[in-house]
Amino acid sequence: MKNTLSFEDAAAGSLDFSGGKGANLSLLTQRGFPVPRGFVIGVMVYKEFVRQAGDGWLDAKGLSLGNPAELRKECGEIQKKLLKHLIPEHAAIEISKRLRDWPEDTFFSVRSSSTMEDLAGAAFAGQHETFLHVRADEVVARVRACYSSLWADRAVAYREQQGFDHAHAAMAVVVQEMVPSECAGVGFSINPVNGNLAEMVVNSNFGLGESVVSGEGEVDQWIIDKADRSIRLRNIGRKSRKVIGGDAGTCEMSLTDDESSAASMDEGELAELVDLLIRVEDSYGFPQDIEWAFAKGKLWLLQSRPVTTIPPHWTRDESAERFPNVITPLTWDFVESGFHRSLDHSFELLDFPAFSGKWFAKFDHYIYGDQNAVELHARRAPFYVSSLDDLRAMIPELRRRYAWVQELPVAWMRDLDHYLVTLGRFQGEPLEEKSPLEIWRHVLAVNEHGARYFLPNIAISIAHGTIYQILHGLLQLVCGHEGGNEIFDRLMAWCDTKTGQINKELFDLALMVKEQPMLRLEIASRASREILLNDGLGGFPEFSDRFQRFIRDHGHREVDFDAYIATWGEAPEIVLDNVRLILDSPMDHPPSETQRELKVRAQEAEAEFFNQLPPDLHFFFHELLRLARVYTSLDDLEHYQTTRLTPALRRGLRALGEKLAPRDLLDEPMDVFFAHQQQMETALLMDSDEGWAAFADQVKTQKTAYHRDRMRKPDWVLGESGPVFRKDDGDFLQGLAGSAGVAEGPVFLVLGPDDFAKFPKGAVLVAGTTNPTWTPLFYNAAAVITESGGPLSHGAVTAREMRIPAVMSVRESLSRLSNGTRVRVDGGTGRVEIL
């Protein structure tokens, strides 16, 4: 097997061979983007290189991961061991042969390309070495330095924070022709600071892009409207120097006063760059962070990677229908864990980038959805075609990519019996003689069973929406915009669902009442709860039997999403209320007749559509239409079956509450729902007077807060206006927004590595700049303030990944602030308040 591959080689697009950066550059080259020529030194060369150090060269478990100063020393020793060895001779010969494809005076960039970097889950921005303006005879030595950088303390700390296995870390190296740029920088196809998907952000400076990504000086910044490409904000920084290539690598050159205040890019260049940024995002189908350069009037794409951290935009758009009311703490603890496990499983099925944030979150007992996540993952068109010929060409790839869509309903139905049978066993398990801890373990087992059943259910929902989107778009392609809309409505007007079946059963119950005047009078004249409590249906045995059978079959249906609220089975008066509502309606059009009309309408629409469709596409559209209907039924059925979990959970939690209430720990048994899962676990394991007293106080406080929040209307957009600053609150320092969020803490000035060991946990890190070697400090910092850099620098990227606020380019922060000064850092507005 070859040790090196050119970017043009299809095999170079493999992560296993080329690492993240090399694979991306190869794919971009093969897709026709303007990438400078280059090649990748494969991962197998690194593996052969480290084998020379023997089996015991690394003991990752013995590293002082919680002590930045010690970790620095230990990683330095690892690097010394590695650098005693040379690149395998056969690989060095192959590299030299590759380099002879360029003129002798060519300079190169030599860049690390870990198998773990430039992924959607982790950027590793600046964690590994990059060398610029390297002569051909220096390339092999720089490759060794890239290998060594995989074990720098900053890279080790970053992997640990991201949960990666150090034993699986490996490195490819990218060797690329150097572009002698007049201006260069970074571009994000979304706004990475505030999460606005409609904005793009570009940072730029004269010379090489190193001055932008390093964060060591001021930069020019443009914020661009993605829709119309207009400039929303233009901030020309006070630039003092640029980085250029020299005989021995790179060097800095001071800018004149005129250059310092001039824009590093004109509007024509900016427009060209914006177009490139949009095309790269479209190519990957996901927001991208690119490095770019202009050289002799030509725009070059130097790198592209997924945006790893997108700030959430919490709204009720996605959640208000599903979670309209307040949610108790225990219900949400159970739901959130199961939901996000399902999300991880479903994203793997969908081949989506890993999602590290939260799709839904609870704020003051109301559930909000991350609208940015929804827009990126659930509402983006999965592919684009402009003609039926395009569709024909794409069908083989669609068949391969979406094979799981055809298989999932069968697999889900296969596993359903086990879920239902096991639930029946849980329902039959005697709880009276169990201890509180044993009952709690039973409840956790029920919840875990539900979470395992629920694993593919998010994929079902996403697939349902995606199939609808594809079908709708293709119908418009065939029939035109208006015709496509009309025929889509007719085709999908009816589908057999569990909810439809239940509604028909309710209508049949109402018909039985309508035919018995005395029963109708009974239901019309008395409250449903009173009728059921006083056996008011006893004189109507046929209806009573049918009603009880309905409750038996569907009594697990929820009145509210929250398991704290009783189901139909525990509150059957709700079902009787539904029957009364149907009786009050005209009842002149039964569901069976409506279904027949909609079926006829759908069949006529099908015939009409297939008459105008080329015969060779009939099977594809038949299958697409079948899947649209299958997933409509399945999406409804999985929800119906998911709610079967609620009675089993309520039974277990009521039994637990009945053990705790007589001990004056709860006002009533079902108050267990006002405890958080961890609070319950702690109290049960401690089983002490002190522990139970704390538990009782927590439940009482949380119950009060729940009922308070239940009485108010939640904001539609969470924190839309952000924190309110008033001039009389104190002094302010203004910089550039780097990483969203607000945090308070005491300042600690870090002037260099000698200050690392003294940095106190929870302090606000203040520095002139933070290069990637400082990454371990970020794990202990409450926030970051720097005197230089911009929101696209390595420091800002790392702060966003660590989810701590950061403000960049805060002039005079080192002189205005001192150790111990307490500040509030607002990374979303770029303001630092001295408290």
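Just above, that's the structure.
A. Looking closely at the overall build of the protein. Looking only at helices and strands, the protein has 29 helices and 24 strands in total. What you see for the protein is a C-alpha radius of gyration of 32 Å, in line with the 28 Å of a compact globule of 835 residues. If you line up the protein on its principal axes, its C-alpha atoms span 100 × 75 × 60 Å. Counting over 835 residues, the protein shows a buried share of 53%. Across the protein, contacts joining residues at least 24 apart in sequence account for 70% of those joining residues at least 6 apart. Approximately 37300 Å² of the protein is accessible, and the part contributed by carbon and sulfur atoms is 51%. Positive and negative side-chain charges of the protein, numbering 89 and 122 respectively, have mean locations separated by a distance of 2 Å.

B. Expanded view of the nonpolar core. If you look at the biggest cluster of nonpolar residues, it comprises 118 residues, and the most contacted ones within it are Phe543 and Phe621. No other element matches the 11 residues that helix α15 (residues 457–479) contributes to this core. Beyond its immediate chain neighbours, meaning those up to four positions away, Phe543 contacts Leu509, Met512, Val513, Gln516, Leu519, Leu537 and Leu576. Of all hydrophobic cores here, the second largest spans 64 residues; its members include Leu28, Leu82, Ala157 and Met200.

C. Spotlight on the sheet that holds strand β15 (residues 360–363). The strand order across the open sheet built from 3 strands is β14-β16-β15, with neighbouring strands paired in antiparallel fashion. In this open sheet, the two edge strands, each paired with only one partner strand, are β14 (314–315) and β15. For β14 and strand β16 (residues 366–370), the ladder comprises 2 bridges, and the chain directions are antiparallel. Bridging from a neighbouring strand, Trp314 pairs with Asp370 of β16. Running at roughly 160° to β15, helix α10 (residues 329–350) makes contact with β15 and β16 of the sheet.

D. Quick look at α15. Spanning 23 residues, α15 covers 33 Å between terminal C-alpha atoms, matching the ideal 33 Å at 1.5 Å per step. Looking one or two residues beyond α15, the residue adopting positive phi is Gly480, at roughly 85°.

E. Up close: the side chain of Thr4. With respect to the helices, strands and loops of the structure, Thr4 is situated in strand β1 (residues 4–6). Side-chain polar atoms of Thr4 contact the side chain of Glu94, separated by 2.8 Å. In this view, Thr4 contacts Phe17, Phe39, Val40, Ile41, Glu94, Ile95 and Arg98; residues no more than four positions away in its chain are not counted.

F. Summary view of the packing of aromatic side chains. Under the defined criterion, the tally for this structure stands at 27 aromatic pairs. Ring plane angle 90° and centroid distance 5.3 Å describe the contact between Trp102 and Phe108, whose orientation is recorded as edge-to-face. Overall, Phe108 belongs to the buried group, its relative accessible area being 1%. Plain terms: the ring middles of Phe609 and Phe610 are 5.4 Å apart, the flat faces sit at 75° to each other, and that makes the pair edge-to-face. For the pair shown, Phe609 and Phe610 are each scored as buried. Here the basic side chain of Arg37 rests over the ring of Trp102, its NZ or CZ set 4.2 Å away from the ring centre.

G. Examining the sheet that holds strand β3 (residues 107–114) more closely. Reading across from one edge, β1-β2-β5-β3-β4 is the order of the 5 strands in this open sheet, with antiparallel pairing throughout. Each end of this open sheet is capped by a strand with a single partner; those strands are β1 and β4 (130–135). Strand-to-strand twist in this sheet, taken as the mean axis angle between neighbours without regard to direction, amounts to 25°. As judged from the 4 bridges shared by strand β2 (residues 38–41) and strand β5 (residues 171–177), these two strands associate in the antiparallel manner. Of the residues in β5, the one forming a bridge with Phe39 is Val175. Across the sheet, helix α4 (residues 89–99) touches β1, β2, β3 and β5, and the angle it forms with β1 is around 20°.

H. Just the pattern of salt bridges, in detail. By the definition in use, this model includes 40 salt bridges. For Glu397, the salt bridge identified is with Arg400, shortest N-O distance 2.6 Å. Within this pair, Glu397 and its partner Arg400 are both found in helix α12 (residues 388–401), separated by 3 residues, close to a single helical turn. When its relative accessible area of 31% is taken as the criterion, Glu397 is described as partly exposed. The partner of Arg629 in a salt bridge is Glu606, with the nearest N and O atoms 3.1 Å apart.

I. Looking closely at the environment of Arg526. Along the polypeptide, Arg526 turns up in the loop between α18 (517–525) and α19 (528–533). Classification of Arg526 as partly exposed rests on a relative accessible area of 24%. Residues Arg526 and Lys2, spaced 524 residues apart in sequence, show a C-alpha to C-alpha distance of 85 Å. Once residues within four sequence positions are removed from consideration, Arg526 is found in contact with Ile531, Asn534, Gly536 and Arg580.

J. A look at unusual backbone geometry. Of note in the backbone geometry, His365 takes a positive phi value of approximately 75° without being a glycine. Positive phi is not limited to glycine here, since Ser809 has a value of about 55°. Position of Ser809 relative to the elements: it lies in the loop between β22 (806–808) and α29 (813–816).

K. Structural view of helix α22 (residues 591–611). Counted at 1.5 Å a residue, the expected span for α22 with its 21 residues is 30 Å, and the 30 Å between its end C-alpha atoms agrees. Among the residues of α22, Ala602, Ala605, Glu606, Phe609 and Phe610 are the ones counted as buried. The buried residues of α22 occupy an angular sector of 120° when projected down its axis, which confines them to one face. Facing away from the buried surface of α22 by more than 90 degrees, the exposed residues are Gln603 and Asn611.

L. The pairing of β16, seen in detail. Counting buried residues along β16, 5 of its 5 residues qualify, which places the element largely inside the surrounding structure. Side chains Tyr366, Tyr368 and Asp370 project from β16 onto one buried face, and the interleaved Ile367 and Gly369 project onto a second face that is buried too. Hairpin connection of β15 to β16: 2 residues between the antiparallel strands, including Asp364 at a positive phi of 50°.

M. Summary view of the side chain of Ser260. Mapped onto the elements, Ser260 comes out in helix α8 (residues 257–261). From its side chain, Ser260 meets the backbone oxygen of Lys239 in a polar contact 2.4 Å long. The contact partners of Ser260, leaving out residues within four places of it in the chain, are Gly237, Arg238, Lys239, Ser240 and Leu255.

Thresholds applied
- Residues numbered from 1 in each chain as written.
- Predicted model: local features only at pLDDT ≥ 70, side-chain atom pairs only at ≥ 80, totals over all residues.
- Heavy atoms only, no water.
- Helix = DSSP H or I, 4+ residues; strand = E, 2+ residues; numbered from the N terminus.
- Rg over C-alpha atoms; globule rule 2.2 N^0.38 Å.
- Buried < 20%, exposed > 50% of the residue type's maximum accessible area, 1.4 Å probe, protein only.
- Contact = heavy atoms within 4.5 Å.
- Areas by Shrake-Rupley, 256 points an atom, 1.4 Å probe, with all protein chains shown as cover.
- Lys, Arg positive; Asp, Glu negative; His and termini not counted.
- Charge placed at Lys NZ, Arg CZ, Asp CG, Glu CD.
- Core = buried A, V, L, I, M, F, W, Y, C linked by side-chain atoms within 4.5 Å.
- Pairing = 2+ DSSP bridges.
- Axes fitted to C-alpha atoms, helices over the stretch in contact; angles between N-to-C directions.
- Expected span 1.5 Å × (residues − 1).
- Polar contact = N/O pair within 3.5 Å; in protein donor to acceptor, adjacent residues only side chain to side chain.
- Phe/Tyr/Trp six-rings, centres within 6.5 Å; stacked < 30°, edge-to-face > 60°.
- Lys NZ or Arg CZ within 6 Å of the ring centre and 35° of its normal.
- Salt bridge = Lys/Arg side-chain N within 4 Å of Asp/Glu carboxyl O.
- Arc of directions from axis to C-beta.

The quantities given are spatial measurements derived from coordinates; they are silent on function.
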